[in-house]
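Spelled out, the chains give:
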Amino acid sequence: MDLNKFLEEHFQNLTLSPPLFYGWNISIRFELGDPPIFRIDKEHYMERVYNRSLELFRALHDKEDEVLLITNAYYADKPKNKVKKLNLYKKYIKKKESIRTLRLEILTDTDCDPDETPYPRNNMYRYWTQCRIRDLNYIQLIKAICNHDVGIKPMIYHRVYFINITKKTIFHIYDDRGCDVIASSREELMSIYEGFNDWILDYDRERINRVFFSWDSSEKSATAYSESS
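For clarity, every value in this text was computed on a predicted model and none was experimentally measured.

Cut-offs applied
- Residues numbered from 1 in each chain as written.
- Predicted model: local features only at pLDDT ≥ 70, side-chain atom pairs only at ≥ 80, totals over all residues.
- Heavy atoms only, no water.
- Pairing = 2+ DSSP bridges.
- Helix = DSSP H or I, 4+ residues; strand = E, 2+ residues; numbered from the N terminus.
- Axes fitted to C-alpha atoms, helices over the stretch in contact; angles between N-to-C directions.
- Contact = heavy atoms within 4.5 Å.
- Buried < 20%, exposed > 50% of the residue type's maximum accessible area, 1.4 Å probe, protein only.
- pLDDT = per-residue confidence, 0-100.
- Core = buried A, V, L, I, M, F, W, Y, C linked by side-chain atoms within 4.5 Å.
- Arc of directions from axis to C-beta.
- Polar contact = N/O pair within 3.5 Å; in protein donor to acceptor, adjacent residues only side chain to side chain.

What follows covers the sheet that holds strand β6 (residues 169-175). What the seven strands build is an open sheet, ordered β1-β7-β6-β5-β2-β4-β3; its pairing is antiparallel. Looking at the sheet topology across the chains shown, the edges are occupied by β1 (27-31) and β3 (103-107). Each strand of the sheet is rotated relative to its neighbour by a mean of 20°, with strand direction disregarded. Relative to strand β4 (residues 124-132), β3 runs antiparallel, the two being bridged by five bridges. Bridging across to β4, Leu104 finds its partner in Tyr127. Lying over the sheet, helix α3 (residues 42-60) contacts β1, β5 (159-164), β6 and β7 (178-183), oriented at roughly 170° with respect to β6.

As structure tokens, then:
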């Protein structure tokens, strides 16, 4: 599966970078960690972060689902010829074939102005490979992603995206505070919108409700009309 072709077909004009939530209309932002708790009880705080992120991940992914595991990495302190393949894939993927077929795309500095020359050390290195959920050590992987900003090892410094080819969804934990979930159709996210509604970040709740509640109401109205006809 070619990453860029898949995105063009199902997520046209989407930029695969944070904040993913604001870059796509059919999206939900969930709260993972509650910052005030961190200062009181770090262990309790991280338990909640792990539990919520894993429950959301399992709700979105079945064991047989095909996914693209994407990593956006920056190596500002390394010249191009010193960049090596990420150990992330060897550590968290069980299937050797997926590791052998790992692909790398180097994206030139996107922050420079049109009249400026891109600075090579600002390049982004995008790795990806395809596998099934059952081939991932996803529990350890997700915990390592959540650990990035809180100083707990193991931790992953790079941006990691789970693109579900089967369900046409993208799952991204932006840090221990929350995660973004987007989909090519509202149907794929309706169950987690309803099942995990209490976890939706209140700051963005109004925007999210406009997308899903209005659609849900129109669907119910259409169904009721059909049954009465």
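That covers the picture; the talk isn't over yet.
Peptide bonds are, in most cases, trans, and in most cases residues other than glycine have a negative phi. A cis amide bond links Pro18 to the next residue, Pro19, at an omega of 0°. Within the secondary structure, Pro19 is located in the loop between α1 (3-10) and β1. Residue Pro154 follows Lys153 across a cis peptide bond; omega there is 0°. The backbone of Asn13 shows a phi angle near 70°, a positive value even though the residue is not glycine. Along the polypeptide, Asn13 turns up in the loop between α1 and β1. Look at Asn13 and you get exposed, because its relative accessible area is 70%.

Moving on: the confidence of the model for the chain. Mean pLDDT over the chain stands at 88; residues scoring 70 or higher make up 83%. Low pLDDT, under 50, characterises residues 217-229; the stretch is placed with zero contacts to residues that sit more than four places away or in other chains.

A few words now on the nonpolar core. Core analysis: the biggest nonpolar cluster contains 69 residues, and Phe30, Phe162 and Ile170 have the highest contact counts within it. Excluding residues that lie within four positions of it along the chain, Phe162 makes contacts with Phe57, His61, Leu68, Leu69, Leu136, Leu141, Ile142, Ile145, Thr169, Ile170 and Phe171.

Turning to α1, a few remarks are in order. Working note: α-helix, 3.6 residues per turn, so residues spaced by three or four point in the same direction. Taken residue by residue, α1 has Leu3, Phe6 and Leu7 as its buried positions. Along the axis of α1, the buried residues cluster in a sector spanning 95°; they form a single face. Of the exposed residues in α1, the ones pointing more than 90 degrees away from its buried face are Lys5 and Glu9. The N-capping residue of α1, defined by a side-chain oxygen 3.2 Å from the backbone nitrogen of Asn4, is Asp2.

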